[in-house]
Amino acid sequence: MAKENVSVWTSIPFWRRSAAWVTGFATILLIWLTFDTLGQISMGTDDDLQTKTRKRVPAPTVINYHIDYKYDRKRGSEVPVVGNKEPFFGKEWSVDEAAELLHLGKLTSQAKNCMNCHTLLGNGAYYAPDLTKAWLDPNWEAMGYFGKPTKEEGIAYFLQHPSENSIHTRRMPNLGITEEEAKGLVAFLKHMSSIDTNGFPRNFSKATDKSNVGGTYAR
Amino acid sequence: MLASIKTNSLTNEGQKLGMMYFRVAVILFGAQLVMGLIAAIQFLMPGFLFEIFDFSVARMVHINALVVWMLYAMIGSTYLMLTDETEHEGVGIALGKLGFWILTAAVTVVVLVYIFIQVGAGTEATIWFINEGREYIEAPRWADIGIVVVVLIFYWNVFATYLAGKQTGIMTVMVANLLALAGLYIAGMFFTDNISMDQFWWWWVIHLWVEATWEVFVGTLAAYALIKLIGAKREIVEMWLWIEVLMLFGSGILGLGHHYFWIGTPEYWWEIGALFSALEPVPLIAMFVHVLYDWGKEQGIANGKGEEGNVIKNGPAMAWIVTNAFGNFLGAGIWGFFHTLPQVNIYTHGTQFTAAHGHLSFFGAYATILIGMIYYGIQRAYGVERMKSTFKSKMGIFMITFGVMGMTIALTIAGYEQVLVERADLGATWNAFFTAQDLAWYTQAQLWRAIMGVVTFVGFIYLVWDLLTIGKAAKETQEA
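What you are looking at is a predicted structure, and each value in this text was computed from that prediction instead of being measured. (Residues numbered from 1 in each chain as written. Chains lettered and ligands numbered in written order. Predicted model: local features only at pLDDT ≥ 70, side-chain atom pairs only at ≥ 80, totals over all residues.)

### Quick notes on the overall build of chain B
- Scanning chain B from terminus to terminus reveals 16 helices and zero strands.
- The C-alpha radius of gyration computed for chain B amounts to 22 Å, which stays within 12% of the reference 23 Å derived for 480 residues, consistent with globular compactness.
- Its C-alpha atoms put chain B at 65 × 45 × 45 Å along the principal axes.
- For chain B, buried positions account for 61% of its 480 residues.
- Residue pairs in contact within chain B that sit at least 24 positions apart in sequence constitute 80% of those at least 6 positions apart. (Helix = DSSP H or I, 4+ residues; strand = E, 2+ residues; numbered from the N terminus. Rg over C-alpha atoms; globule rule 2.2 N^0.38 Å. Buried ≥ 20, exposed ≤ 12 C-beta atoms within 10 Å, placed from the backbone. Contact = placed C-beta atoms within 7 Å.)

This is how it looks when you write it as structure tokens:
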């Protein structure tokens, strides 16, 4: 431009510099927050579980513990509660075994494309129920664990035979999930239910309590 | 079939390559709509193609075709404007053409595997060769690497041409933004057992694409298009572009926080995500004002000079770009703001609300302007001075816009019902989910969504028909 700008507000260099500064500042802030968040969402250790140190994402060995999702007055929302030890598929899993099982489960969840029907932590598709707290869903008990002695065995059975055991006309298809993969998936679901999601999904425990006392929607 | 979009009048190899990308983009757009229709029918009739072509498959191809056709059209648009902006014929375009064929072959293989193999065993091999099972970026790892290589070739074309030629403000933004866009893809290329960590980085790709770098990309396209279509003044357009970059990145980068409310990440993201994502509509209003203002101004100047007729050199392209200005604000801005605050999002997260927003925002913010660029490409390819809208152009834009709007409203109603019944009242369990899915408010809304999907598809047929014929007709009119 031949003429000098009359005002800074119509000056391209001014806006270019401002854009660069704002973008740079936002990026630096995001990177700084990312470092903090990554520290907080790294998986805890088995020691954390034994010493009852709360982690947002617990160690894979959390599958050896009873998990609940209860209203916390101080936080004003529901939070996962890691309770006493309970057997998982009839045994206590060592650190390595639990990690391996969770690894298999997470891989399977991706290989079977769960996320394109279900939501996980609320993200995915909206064709099938959210899986964030699926391990804690009162419906497993209401369905009598499909005749299996424990919840984990019931869920594993369902995952291997979904289309003939669905509770709705919108059925889950048979995805060729093997017995081992089903175990892994159940571990993955149990682990996910122990993640501190800041109270998402809300009101879930209310529905669970209602169901347990034979409330309206306990079928 | 699309060979009839001829490139006879183009002498520049980069622009011919751009047209090649556009042709594939249109085919993939069609595939996206067909898959969407299948998925919409499955909501109404769950037995439809059950255990043959399940919802998960239809939906995966639906959203992947969406992302890929948009990337194709974005690359095509960049090749189209590269020589115009840099006044340089283009560096390494022959290699770029090789990249095009590699990418297209890879996309074909990936889609065939999605459709015919669908799922694999729970092993690393599935992640490498079948699909990664992560929404939007399901492409298996081998394809990820291939995509990165092809994108590097494309980026080298753009960057080397930029360095060798004239460096306009528009191209400076383009070059910087494309680097960020391409680099972000790498954040989605690793496996972790930790689902929170998985989703944390996954959003770096998805959010920082569609709510930051893609939006800036749209800003550069609109800037270029306004100069070309209505003769807007470069100084003003570039000033606006820098203001848009400032506001888009200023709000969009930290707006990433609105995806970190419930995935295991700390509570401070509530405040950061709410504040910055609430600011995200601001640049979209600015973009809307900018397009309409410049249009009115240029027309006013022309009228003042006593010139006859309107200043628009490409009717359908301009119509789509104005639709973009409004659709971006409405779909991304308003429909995004609806559920961006954590107090609301705790109930709406993962409901049909998200689907409603997704449909209108991808359409309004991206599909519209990219279709506009395809029309502009056709004008160049046939070497016509003025391209007026035909009946088919009008039917195309009207039916597609009306259809997507209808789907959005239907899904919003479904989402509203789902929020109240499943989330607020019944507590998001399996029974709560299905109780809400079975209520008439929901099922009727899903029926309307399917009907509006058909309307969109008919509009698409008009669009393709128009794309195939408008250039030739305009050329004949010009020569007559």
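### Here we look at unusual backbone geometry
- Omega for the peptide link from Phe200 of chain A to Pro201 of chain A comes to -5°, which places this bond in the cis form.
- For Phe146 of chain A, which is not a glycine, the phi torsion comes out positive at approximately 55°.
- Of note in this structure, Gln118 of chain B is not a glycine but carries a positive phi near 65°.
- Of note, Gln118 of chain B is situated in the loop between α3 (93-116) and α4 (124-129).

### A closer look at the interface of chain B and chain A
- In this assembly, 66 residues from chain B lie in contact with 73 residues from chain A.
- Mapped onto the side of chain B that touches chain A, the elements with two or more residues apiece are α2 (55-86), α4, α7 (195-230), α8 (234-255), α12 (342-348), α13 (352-382), α14 (391-426) and α15 (430-438) of chain B.
- Top contributing element to the side of chain B that touches chain A by residue count: α8 of chain B, with 11 residues.
- Within the side of chain B that touches chain A, the residues separate by chemical class into 32 nonpolar, 22 polar and 12 charged. (Nonpolar A, V, L, I, M, F, W, Y, C, P; charged D, E, K, R; others polar.)

### Description of the domain arrangement of chain A
- Entries for chain A in the domain assignment read domain 1 (9-40) and domain 2 (45-212).
- Between the C-alpha centres of domain 1 of chain A and domain 2 of chain A there is a distance of 39 Å. (Domains from an automatic or database assignment.)

### Let's talk about the domain arrangement of chain B
All names here are of chain B.
- As far as domains go, chain B holds domain 1 (1-166), domain 2 (191-295) and domain 3 (312-475).
- Relative placement of domain 1 and domain 2: their C-alpha centres are 22 Å apart.
- Between domain 1 and domain 2, the contact holds eight residues from the first and seven residues from the second.
- The leading source of residues in the side of domain 1 that touches domain 2 is α2, at four residues.
- Its residues placed into classes, the side of domain 1 that touches domain 2 shows five nonpolar, one polar and two charged.

### A short note on the packing of α2 of chain B against helix α5 (residues 141-164) of chain B
All names here are of chain B.
- Contact geometry of α2 with α5 gives a least axis separation of 10 Å together with a crossing angle of 15°. In terms of axis orientation, α2 runs roughly parallel to α5. Between α2 and α5 lies a crossing of left-handed hand. Where α2 abuts α5, its residues Ile75, Thr78, Leu82 and Thr86 lie against Phe154, Val158, Thr161 and Tyr162.
- The residue inventory of the contact of α2 with α5, partitioned by class, reads five nonpolar, three polar and no charged. (Axes fitted to C-alpha atoms, helices over the stretch in contact; angles between N-to-C directions. Parallel < 35°, antiparallel > 145°, perpendicular 65-115°, else oblique. Left-handed = near helix turned anticlockwise from the far one by under 90°.)

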